[in-house]
Every structure is written in C-alpha cells, then in structure tokens.
Amino acid sequence: MPDAYVFDAVRSPRGRGKKSGSLYATRPIDLLAQSLRALSSRNELDTSLVDDVVIGCVTQTGDQGACIARFAALEAGWDLDAPGVTLNRFCGSGLQAVNDAAAMVASGFYDCVVAGGVESMSRVAMGSDGGAIFDPSTLWNVGSVPQGISADLLATLGGITRDDCDRFAVQSQQRAASAIEAGRFSRSLIPVTDRLGLPVLEADEHPRPGTTVEALSELGASFETMGRQFGLDALTKERYPQVERIQHVHHAGNSSGIVDGAAAVLVATKEMGQSMGLTPRARIRSVGVVGTDPILMLSGPMPATRKALGKAGMQASDVDLWEVNEAFAAVPLAFIQELEVDPGTVNVNGGAIALGHPLGATGAMLLGTVLDALEDHDKQVGAVTLCIGGGMGIATILERV
Amino acid sequence: MNAATTTENQTVRLQFDAQTHVATLTLAMPKVNRIDAAFGVGLQQALDWAAAQEGLRGIIIDTAHRDFCVGADLDTLFPERDAGALLARVGHLAALYRRLETMSVPVVASLTGSALGGGYELALACHHRIALDDARVQVGLPEVTLGVLPGAGGTQRLPRLIGIQAALDIILQGKVLRAPKAKAAGLVDALAADREAVRQAALDFIAANPGAAQPWDRKGRMPGPRAGSGDARNLFMAACGMIEKKTAGAYQAPRVALATVQEGLAIEFDRALEVEARAFVQLAISDQAKDMIRTLWYHRNAAKKHEGLPHTDTPGIQKVSILGAGMMGAGLAFVCAKAGYDVVLRDIKEATLQTATAHCAAQAAKLRHLSEEDRNTLLGRIQTTLELEPMRGSDLIIEAVFENLELKHRVTQEAEPMLSDGGIWASNTSALPIGDLAKVSSNAKNFLGLHFFSPVEKMELLEVIVSEQTSESATARALAFTKRIGKLPIVVGDGYGFYTTRVFSAYILEGAQLVAEGHDPVLVEWAGRSAGMVVPPLQVFDEVTLSLGAKAFTMGRQYGRDLDLPGVSLVEKLVEDGRCGKAAGGGFYDYKDGRRRGLWEGLRAHAQGTPKDRSVEHLRDRLLGIQALEAARTVADGIIQRRRDAEVGAIFGVGFAPGTGGPLSYIDRMGLDAFVAQMDAFADQYGERYAVPRTLRQMAEHGDTFFEAV
C-alpha cells in the first residue's frame, strides 16, 4: 500500500466572523475557490489529475449548502474532471478531509486528492443548519449540552482554574502576535482578493495582541447564567454526579474566535506527486478518530491522539510539535495535563483563541501550520488534534520528509 | 326555542334554537362530566345531531353540572396496560375533538365550571373559550402531576394557541389556573359575570365569526418564536435544563411531555396528534404513572374524604387554643382563624406573641381575594395572651411547646382544666408517645396527637395519632377539625416516632451513615435527589438541625432504639463542634448569609473506611430501602392502620419520592422477594437496622403484595 504525502498546504487569513468582518462580503464558495486556485496555480497543478476534492464545512445550509466542494473547485477554474464532496464532522471536518484524502491515497484506489475546508461564520451562523442535537428527546436519550457547558465541565474535572485559562489565552495571543510579526505564516497564507484583484484581507484580523490577564479577568463567565439559572449544568449531573458544582471559567477571551476562512491541502502518492514535478513535504504517518461522551464532548483529543500514536507505534514524546485546537482554553490545558507533553511544543504560533476557528476549515489550516512550524524549527514529527461536537476527537500524525 | 333531545344520549343534552340557529350541547353525564367510553359515544352522537341541524350557524358546549368537565375517567385508564387498545381509544377521542373544530361553524366553550385535563382539551378544541369570572372556576392541564401528559390534543393545541413558552409553563408543571388568571395567561379568551352573560357572549361570538377556524387550520404564525427557529431551540433547551434542575431525572412525564411538544410542532397538526397519542400511551401504561395515580389520585382522595374513618355530624368545636406561639403555633393560629375558629394563642413570652401576631398579619395580607374588612375579621378571631384564663372553655387545645416530656406534662396539667366539657387535648409532638403524654391527663379518652408539618400554612399533611385510650368520638371530632382547616389526615397508632418521624429519621440517619461509611457526600445527595426524594438527606438534616437529630438519638435510646452507629457518632461529633445545621451557619453544608454554599470539605475526614459499592444506584437502594423497610415495620407494628396512610404520609409529610407512589408501592414494584433479599444482604453488611420484619418475609413467601397489582 502506498504512503500518503502532503505536498502543499495553503490557507486564507481568518476574517472576523461578524457582519463587520473583512470577509463578510465574500461568498464562502469564492473564499474556498481562492484557496483551491492558489494551491493549483502555485504548484502548476494539472487539475484533471485530481481524483477528488474533499472539503470540510460544518454549517451546510444557505451559502454553504449544495456540496460547496464541487462548485468551488469549478469556480476555481479546475478541470471538470475534478469532482468534489463536502463533509461534516463538526469542528474536526478540516482534518477529517485531510485524513480522508490520506486514506484514499494510501488505499491505492486514488492517486491525488485535495483536502480542505471552508467556513464563513459571518454569513452562515453556527447552528443555523438545525438538526436534532438539542431536541429534548436527544437530551434525554443520548445526552447533549451546549459546548460552553462541556468546556467548563472539562475544566472543573481537571482542576483547571479561571486563571489557568486566562493565562493560556494571553500566551496564545502573544505567540500569534510574534508569529505574525515574524512572518511565520507567510508560506501558507494566501491573501483574499476581490474580483478586481485587490486585497480584501491579507492577515488574520481576530488577534488582540495587547491582551492581558487583568483585562481578561474582568470578563464575566459566558456560560454561568445558562448553566446555573437555566439549569443546563443540571443536564451533566446524571453522567457526572461526583461534580458538586461546575466552575464556569470560559468567556469570549479564552475561547476560540468566530471567524471566516478556507484552506486547501494537496495529498498524493509520492509517484503521482513526482510525476507532477512536485516535492513532498511530509508523510501522513497515522490518523485516529474516536467517539467519547457527548456531554463532556471536548475530551476527544486525548484518546484520538493515543489511537493515532498507537497505529504509528509511537509515544507522545516522539512528537516534536503539536497543534491542539483551542476550542476553549481548557481543551489544550487538559490535553497537556493528561498526555504530559511539554507546553512549549503546543501551538507554538498561537491558536484559535487568538487566530479564530473557522469550523470546517480549522483542521486543514492546523495541518499547514504545524508543517510550516516543523520546517521553521527543523523538526520532524508533528501532530494535529481537535475536539469535536457530539463527543468525538480526531488526530493526525505527520512526519517531514 | 326548539328543544330536540335525543333520548339515547346519556351524556349530552341537545338543543337547537330556530332563531339563532345555534345548537347547544350540554354535558350532562350522570353525576359529573368525566371522559369515558360513554362520553365518547355521547359526544359523537351529539356532533352527528348538530351537523344534521338545518342552517346550523354555531355550537355552544356547556354543562349541566357545577364543573364543565374534569378530565379522563381514571378508573378505565388506571388498569390499562395494553398499548394498542389504549392507542385506539385515544385516537378515537382525538378524532372527535378534531371533528368538532373543523365543522365549519364556530364552536364556543361555555366554561361556567372547571375544565381540567381532557375537559380543558375539549375547550381547546373549540374556537373560543368564555369562562365565568369566578375564582372557583379552574382550568388547566394537570396530567403530568399524575405521571402522564395531556393526551387529547393539549400538547399540540396549547402551544399553537399561546406560544411555546407559555404552553410549556402550563403543561410541564401541570398547572391549573383560576378563571381570572387563566384569562391573563390566554387559556380562556374572555370572562363574563354570570351564566347569562357567558351565554350571550358565546352567541355574540358565533354571530360575529361565521367562518371561525382554529389558528392551526389557518395560515399564519403562532405567537412567539417559530417552531424550528434558533429561539425556539433555546426555549426547549432551557426547559430541559429547568426540568432536570427541579426533578433530577426522577420523573418521566415532564420529559416526555416536553419532547412531545417539540416533536409535534415540527410537523403539521393532524400528524402531530399521532405523536402525542403515542407519547401519552407510553406514559399511561408505565409503572411510574400507575404508582403515581394509585397514590396521588386514589389514596390521596380517599384520605381527603376520610374514607373508613370515624365521622361525626356534630364535632362541637368552635374555640381552639394553642399553647406555644413559635413558628408552628403562629401558623396554627392563622390556619384555624382562616377556617373560622375562635383562636386563643398563648405563650409565656410577650416577644414571641408579638412575632406571632406579625406572622398572622403577613399571612392574612397574602389573601388578596379577601377584602380589607374580611382580613380584619379573620385576624380579629385570634387572641394572644400570656395568661391561662382566656383559654377557658376551649373545645380543642393544641399543645405546641418544646419537645420535652416533663415540659409537656407540666403544660398539660396546667392548661387541661381550661378545656370545655368533652374538650379535646391534642399534642403536636412529632415523636413522644401519646400514651406517655396522657399519663398526666384527667381524661385520656379525649387525648390524642395532631402532628402538623412546617410551614403549616403550606403543608397539607396532618398525622393524627390515637392512643389505646383515645375514644372514637374524640377521633371523629378531631377529624372534623382537620377537614375544616383543609388538611389531609392519616390516622395512626401510638408508638415512639409514630409513622412520619420514624420514616424521616431513618432517611436522614442513613444519609449520615453513608457519609460515615466513606461514601462521597456529593453522591449521597445526588442519590437522594435522583431517586426522587423531594430534598436530599444531608440538606434536609441541616434544615431540621443536627442538634435536633442528636436530641432525637438521645430520646430514641430511652425508647430502646439501638443507635450505636458511625452515622450517629458523626452527627454527635458535628454538633459538638458547633456544626449544627443551617441555622448555625454550618452543618453537613457550609452556609453564607443563610444560603447553602456547598458540602463542607471537612466531612471526608469523619469517614471511616472505604465502601465496596460506591455506585449511585447502591446509595439510592440504601436511602429508599431503609425508609420503605421502616414503613413496612410500622404496618407490622400496627402504627399504620391502613396502607394508604403509609403512602400519603410518606409523600406529603416527609417528601418520600412521589414518583414511586410511596414506600409500600416501592416494595411492591421491586417485588417483595427481591426487596427482602436486598434487605437481608444489607443487614449482613450494614447492620441490624436492615432486619426484615417477620410479617414482610411471610408476605413475600406467600406471594402477597401491599396493593393490588396493576
């Protein structure tokens, strides 16, 4: 069975996910098309050789409905013979797309698959695609709570305090600020332009570089009212009866930012890549996807990572750099705690707290981010992992070549 | 007026007015309008008849009785376990109501009496609801309080009529509202001053609305957030949270009701009724509904009606004196005055009397339906005094002084002469045997116990304790008193702790014992709540105070109760350290400014050992099991003289999990064999207090149950 190689990764800058955000006036199909076009043009890709385009997108309704992958590829001027498929595994969609591409290629059934993701949270609001996930029936029969409650529960179970979360958030901001200043995203970052070719957004606009712990400490806990007054904390009690009281520690300043963005990753066999005149940058060593308790929801990165490590015959200590999605500060903090990894190797260029988390695209972005960082620091092994709604987790381990 | 009465119709009287072209359907079942098979047949025939009236312009549905319609006949529903059969009956009724609202003429419900449950759902299937402007007329959907849900369209009509949030408020809490509030809430459309005005308003509506149709049969949006919108989703989620917060998952009905409202609103009305029907049947044939109906309907009604209890038409009680003007005495004074008694409230401290007076005034102020004059009359019936003499000629003296035998003896000797001829002496003791208290009485025939629960204005239960010497006549007269003050009586035999205190003590002691055994106090409390106990054990122990508990242990030892348990030592130690409970600012919990701040960190240090089975399930078995066992013992001891009293007393007196139907229902439901086996295992591992009484073991061996299986 052939190996799956990553040849290139590009991403758009993340625009603020509000009507005032820079990318609000850009259709998500165009946002994705620009990442795809950048990927194909800078690699001089013969897109008729692309077996499939696998794109993560969570809120597949409105502007993001109707299999955006296919029409974005065509919008990007790709060959009619480049089909597309759009997938939804919530926040893990972007990495799921990469993992699918890798598995497709490694299976021997496909030679070249482009993975990626897109999410315009300013135009298509999170949750606007409905679903039964918060139906009373689901809450009673399966168990479900809003993510913020899960995040605060995760913090409570791990003894992670408000101060811990706020300090982590400031660190994310500081690392992102210095990465941006040092141009460490420049290899992958493709500015978004308008139909006139003029730049619409050239850099991530969500970061707040001057953030201090003092300033964050002023913010009220976002999920306290819904948790205590509206009783949503009570919905966790049946599964976690030993928790007397959930400590509400998260707020907008220590949780992932709501943003717009797109990304694309080129995955192929070594032979196919070489025949296209391309040099591989990394090999996908292994992947892992797991299901865990939907009420705690956000603890998936740990077992997913362990699964991927196991498949690769590796230990956590074998990984040089980590990208653990900062959905909420407690997530990477709990991950670091449980897997006992060096915090200095996690999210070295900042994370979603500073940069934002465009739901369907993030996983694909993080892959490019960790690959760039490995090359920057001349390290070998990187791992990307994200927590996922519904209590899932996903991980990918890659090795530079 | 053309009267056209169908003689075969046992349910509905039919009249057609040739001038207004309005058909009047008068619900006139034999005694009370209740929904059963005959109701269905009668209503169907009535609709057939109305549809056949030439030039029909409208229909009025009214009642020949005091009530409009009080809901489903539980005698048919209670034994039903066949889902298919029940679904068919429910479907038939739903189709009838549907037909009513789609007859192409306006239909008006004339609510001159109460419309409850299915009866209110009939009104909902009319285009317009007019109620008599009278607080005695009540409307609502109380089904969840009996473990079911509105199964005749209520879960689908009410939200479409008044919006999701307002409908959930009624349905999930089983609310019943008096007419004026019902109008404010949108449950009825209009109020009218008297029967004639109601009828006229109905005729006016018909004349003005020839093309009347229900909102769900017309284009347009329901009030409030649209079903399926983000706002609606948030409403439902908040409702889930509130249910869980209040009931800890102990009840099925509110959960299923909520899911039914949400699921039905996602689809069109006729098919939504199918969703409701299935959900209704699921609940109605469930164990929990059976157990709740048995106790909360049948047993409670029987107790309220004093079935099988001594009765007298001449109670001869008008003047009531109360000794002790603390919280209980003050509350008693108010309750008696409200019932029209002349009250003398005596204490030895002026300050206490003043607090009591203020309390009564505050309580009177809450009765907003009374005029200022009436309120003053009520309060005027209460005389406070430091003296004995004003008590002279009392027909009933209620002794509510501190729980101390010597003190009670002294007070009895001092005040008993103030009784009128044949007057009754009642002690509010919660545990001291009446026989012991009566030792100093000059007339033990007229000496009994009236054990009230705090706060006495709110708590319905009254435990009436009769000693071996108490006469039946005294009991009958005391019961007449309990009826007049609106209490729910159980009549039990004499013995330390009687019934409710024995069960309650077993509960809170077991809570302390579990902590002493090393169980996580957080799990102990969760076990209590999730088992359905109204208040978890450590919390309620704090509320009654640990010092009271410690006193009770001391007293219990005098009555031969073996209390050599780590849980007892734990409580005594906490009291020694000043952690006496809520009033002391700390007990099992910490308190700040009177509010509970969480379980005390130091509890774990008082635990000895590591429990084998740490599961929440085990803790639930222990907490409910010890109470059920105690209840079974009181049956064996003859304290409980009728089994309904064990259920009613436990639920309404000490908050035993209402969803189980009561401690004896709990045993029946588990199966006596299984319960005895579990208690035997607990006795082996956890001590003598789990010893199964012989009679219970024999019942198990004979395959007997406490109640008829259903």
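Fair warning: this is a prediction, and the values are worked out from it, not measured in the lab. (Residues numbered from 1 in each chain as written. Chains lettered and ligands numbered in written order. Predicted model: local features only at pLDDT ≥ 70, side-chain atom pairs only at ≥ 80, totals over all residues. Heavy atoms only, no water.)

Novice: An account of the overall build of chain B is needed here, citing residue identities and associated values.
Specialist: In terms of helices and strands, chain B carries 28 helices and 20 strands. Here chain B has a C-alpha radius of gyration of 28 Å; the compact-globule value for 710 residues is 27 Å, and the two agree. With respect to the principal axes defined by its C-alpha atoms, chain B has extents near 85 × 60 × 55 Å. Of all 710 residues assigned to chain B, the portion counted as buried reaches 58%. (Helix = DSSP H or I, 4+ residues; strand = E, 2+ residues; numbered from the N terminus. Rg over C-alpha atoms; globule rule 2.2 N^0.38 Å. Buried < 20%, exposed > 50% of the residue type's maximum accessible area, 1.4 Å probe, protein only.)

Novice: Can you explain the overall build of chain A? Please cite residues and give values.
Specialist: Tallying secondary structure elements over chain A gives 13 helices and twelve strands in all. Here the C-alpha atoms of chain A give a radius of gyration of 20 Å, agreeing with the 21 Å that 2.2 N^0.38 yields for 401 residues. Dimensions of chain A, computed from the C-alpha atoms along their principal axes, are close to 60 × 45 × 45 Å. As displayed, chain A offers around 14600 Å² of accessible surface, 50% of which is attributable to carbon and sulfur atoms. Seen as two clouds, the 31 positive and the 46 negative side-chain charges of chain A have centres 2 Å apart. (Areas by Shrake-Rupley, 256 points an atom, 1.4 Å probe, with all protein chains shown as cover. Lys, Arg positive; Asp, Glu negative; His and termini not counted. Charge placed at Lys NZ, Arg CZ, Asp CG, Glu CD.)

Novice: Would you mind going over the pattern of salt bridges in detail, with residue names and values included?
Specialist: Applying the stated criterion across every chain yields a total of 58 salt bridges over all chains. Taking the shortest distance from any N to any O, the salt bridge between B:Arg294 and B:Asp291 comes out at 3.1 Å. With a gap of three residues between them, B:Arg294 and B:Asp291 both fall in helix H12 (residues 287-304), about one helical turn apart. Pair check on accessibility: B:Arg294 and B:Asp291 agree, each one buried. Salt bridges sharing common partners tie together A:Asp8, A:Arg42, A:Arg187, A:Arg281, A:Asp372 and A:Glu375. (Salt bridge = Lys/Arg side-chain N within 4 Å of Asp/Glu carboxyl O.)

Novice: Can you lay out the packing of aromatic side chains for me, pointing to particular residues and giving the numbers?
Specialist: For any pair of aromatic rings, the description consists of the separation of the ring centres together with the inter-plane angle of the planes. Summed over all chains, the structure comprises twelve aromatic pairs over all chains. Aromatic pair A:Phe223 and A:Phe328: ring centres 6.2 Å apart, planes at 75 degrees, arrangement edge-to-face. Linking A:Phe223 in the loop between helix H7 (213-217) and helix H8 (224-229) with A:Phe328 in the loop between strand E10 (321-324) and helix H11 (330-339), this pair joins segments that are 105 residues apart in sequence. Residues A:Phe223 and A:Phe328 agree in their burial class; the two are buried. Between B:Phe682 and B:Tyr690, the ring centres sit 5.3 Å apart and the planes meet at 70 degrees, which makes this aromatic pair edge-to-face. Considered together, B:Phe682 and B:Tyr690 belong to a single accessibility category, that of buried residues. Within the aromatic cluster, the residues linked to one another by ring pairs are B:Phe682, B:Tyr686 and B:Tyr690. (Phe/Tyr/Trp six-rings, centres within 6.5 Å; stacked < 30°, edge-to-face > 60°.)

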